[in-house]
Amino acid sequence: MQKQNLVVFVGGVGGARFTRGLVAELERRHPSPAERPNVTAIVNTGDDAWIAGLRVTPDLDSMMYTLAGVNDEQRGWGRAGESERVSAELAAYGVGWPWFTLGDLDLGTHIARTAMLREGLSLTSAVERLTARWNDGAGLPVRLLPMTDSEVETHVEVDRGEGPELIHFEEWWVRYRAALPTTRFEQVGLQGASTTWQVREAIEQADALLLAPSNPVVSIGTILAVPGVREALAAASAPVIGVSPIIAGRVVRGMADACLSAIGVETSSAAVAEFYGARRRRNGILDGWLVAEEDADAVSRVEALGIRTRAVPLWMKDAASSAALAGAALDFAAEF
Ligand code: FO1
């Protein structure tokens, strides 16, 4: 029987946890790897930045470290058992971003990636080589694809007192904890960019397309803005099932509410569904939407948009609940 192909659109931490749950659920449902579905993650690279001469790709790294089982579970980013000897030296030299800690092990990844890029590898090829190293060379249970091989960075318009200016998303997010008011996100480099043939092919061959409960504006929204992605989704035969990143009017983690309010979207599961739009209506993308049981009252409002909606347990507080959520998304997709 033809192996199923699953594709999940992800940002950073929430996407990594959801994808880890999906892998666990698939292992439970399909004990034999021979007929276990393939999983491809299309990952946001809008948070990427040049720091101390190195190309840093936060969301790809969250996905790689989490799926390799070497992530720092408490902080939600970077490596477990990390040290910061080199970053202290960089700070002493005034090189890099002192407020954005690059651990020693993490720097190993950034040095390796930057070396590969300087050899002429695309980011997609570099990710393939970086991910192959884990699990004694067996690699990861999920193929990671950057949303594009072009440098497309999310910058944020703020006013620090000298008038409007654009700063890198990570500076806004980490240095200012998203507390600086903003009204605009700009994807610098989007003009000449396009998605990759690997992304187009993964979407085309997918049996189900899942949107992880990642930040709808700067993660999922950023992926959707890359030329070629929406077109591929519109042409795809697979159903698109989204998981709400908002529960009872609150973000599950991170500061997605700061991003949503910046673009005038209410922090609610229904408003995010509206932001993504119904696939059957004008250039929307959703066929199905999963909301938390706490938001069961939103189901009818989202259904009225032409998006089939279901209320399920949405908190990913541990491995079991993450796997159950992934299973609910798979079961919902199977109904289309
Ligand atoms: N987040 C922080 O809050 N503080 C940091 O110093 C920090 C460093 C860092 C280094 C590498 C990396 O891949 C991620 C890092 N992050 C840090 C998290 C980062 O802001 C997030 O992973 C996403 O970019 C936003 O969701």
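Scroll up for the structure.
If you're wondering where the values come from, they're calculated on a predicted model, not measured in any experiment. (Residues numbered from 1 in each chain as written. Predicted model: local features only at pLDDT ≥ 70, side-chain atom pairs only at ≥ 80, totals over all residues. Heavy atoms only, no water.)

### Thoughts on the packing of aromatic side chains
Move 1: Inspection of the entire model under this criterion finds eleven aromatic pairs.
Move 2: With a centroid separation of 5.7 Å and an interplanar angle of 45 degrees, the aromatic rings of Phe275 and Tyr276 are classed as tilted.
Move 3: By way of ring pairs, the aromatic residues Phe169, Trp172, Trp173 and Phe185 are connected into one cluster.
Move 4: The positively charged end of Arg133 is found above the aromatic ring belonging to Trp134, 3.9 Å away from the centroid.
Move 5: The positively charged end of Arg308 is found above the aromatic ring belonging to Phe336, 4.5 Å away from the centroid. (Phe/Tyr/Trp six-rings, centres within 6.5 Å; stacked < 30°, edge-to-face > 60°. Lys NZ or Arg CZ within 6 Å of the ring centre and 35° of its normal.)

### Section: the packing of helix α1 (residues 13-29) against helix α2 (residues 58-68)
Move 1: Orientation of α1 relative to α2, taken along the N-to-C sense of each, is 35 degrees, at an axis distance of 9 Å. At the point where α1 passes α2, the crossing takes the right-handed sense. Residues Val13, Gly15, Ala16, Thr19, Arg20 and Val23 of α1 lie in contact with α2, whose contacting residues are Ser62, Met63, Thr66 and Leu67.
Move 2: Class assignment for the residues of the contact of α1 with α2 results in five nonpolar, four polar and one charged. (Axes fitted to C-alpha atoms, helices over the stretch in contact; angles between N-to-C directions. Helix = DSSP H or I, 4+ residues; strand = E, 2+ residues; numbered from the N terminus. Left-handed = near helix turned anticlockwise from the far one by under 90°. Contact = heavy atoms within 4.5 Å. Nonpolar A, V, L, I, M, F, W, Y, C, P; charged D, E, K, R; others polar.)

### A few points about the side chain of Thr45
Move 1: Residue placement: Thr45 occurs in the loop between β2 (38-43) and β3 (49-51).
Move 2: With residues up to four places along the chain from it excluded, the contact list for Thr45 reads Leu60, Leu123, Pro146, Met147, Thr148 and Val152.

### A look at helix α13 (residues 319-333)
Move 1: Its 15 residues give α13 an end-to-end C-alpha distance of 21 Å, which sits within 8% of 21 Å, the value for a rise of 1.5 Å per residue.
Move 2: Of all 15 residues in α13, eleven are buried; the element is thus mostly enclosed.
Move 3: Those residues of α13 that fall on the buried side of the exposure criterion are Ser321, Ser322, Ala323, Leu325, Ala326, Gly327, Ala328, Ala329, Leu330, Phe332 and Ala333.
Move 4: On its buried face, α13 sits against β1 (5-10), α1, β9 (208-211), β10 (240-243), β13 (288-292) and β14 (308-312). (Expected span 1.5 Å × (residues − 1). Buried < 20%, exposed > 50% of the residue type's maximum accessible area, 1.4 Å probe, protein only.)

### Brief notes about the site of the ligand
Move 1: In the region of the ligand, 13 residues are neighbours, and Asp47, Pro58, Thr101, Glu170 and Arg177 sit closest.
Move 2: Residue Glu170 places a side-chain N or O atom 2.3 Å away from an oxygen atom belonging to the ligand.
Move 3: Here an oxygen atom of the ligand and a side-chain polar atom of Arg177 are 3.1 Å apart.
Move 4: Relative to its unbound accessible surface of 530 Å², the ligand loses 89% to contact with the protein.
Move 5: Partitioning the shell around the ligand into residue classes produces seven nonpolar, one polar and five charged.
Move 6: Counting residues domain by domain, the shell around the ligand receives three or more from each of domain 1 (47-146) and domain 2 (153-188). (Near = heavy atom within 4 Å. Polar contact = N/O pair within 3.5 Å; in protein donor to acceptor, adjacent residues only side chain to side chain. Areas by Shrake-Rupley, 256 points an atom, 1.4 Å probe, with all protein chains shown as cover. Domains from an automatic or database assignment.)

### A short note on the environment of Arg75
Move 1: Residue position: Arg75 is located in the loop between α2 and α3 (85-93).
Move 2: When its relative accessible area of 28% is taken as the criterion, Arg75 is described as partly exposed.
Move 3: In this structure the C-alpha to C-alpha distance between Arg75 and Pro98, which are 23 residues apart in sequence, comes to 17 Å.
Move 4: Ignoring any residue separated from it by four or fewer positions in sequence, one finds Arg75 in contact with Glu82, Glu84 and Arg253.

### Re the nonpolar core
Soluble globular proteins tend to pack their nonpolar side chains together in the buried interior.
Move 1: With 57 residues, the main nonpolar core has Phe9, Trp172, Ile203, Leu209, Tyr276, Leu286 and Trp289 as its most contacted residues.
Move 2: If we ignore the near neighbours within four places in the chain, the residues touching Phe9 are Ile42, Ile203, Leu209, Leu210, Leu211, Ala212, Ile220, Ile223, Val229 and Leu233.
Move 3: Judged by nonpolar contacts, the second largest core, of 45 residues, contains Leu67, Trp134, Leu290 and Ala326. (Core = buried A, V, L, I, M, F, W, Y, C linked by side-chain atoms within 4.5 Å.)

### Concerning the pattern of salt bridges
Pairs may arise between side chains of opposite charge once their charged atoms sit close together.
Move 1: Counted under the stated rule, the structure contains 20 salt bridges.
Move 2: When the shortest N-O distance is used, the salt bridge between Asp331 and Arg29 registers 2.9 Å. One end of the pair, Asp331, is in helix α13; the other, Arg29, is in helix α1, with 302 residues separating them in the sequence.
Move 3: According to the relative accessible area criterion, Asp331 is partly exposed, its value standing at 38%. (Salt bridge = Lys/Arg side-chain N within 4 Å of Asp/Glu carboxyl O.)

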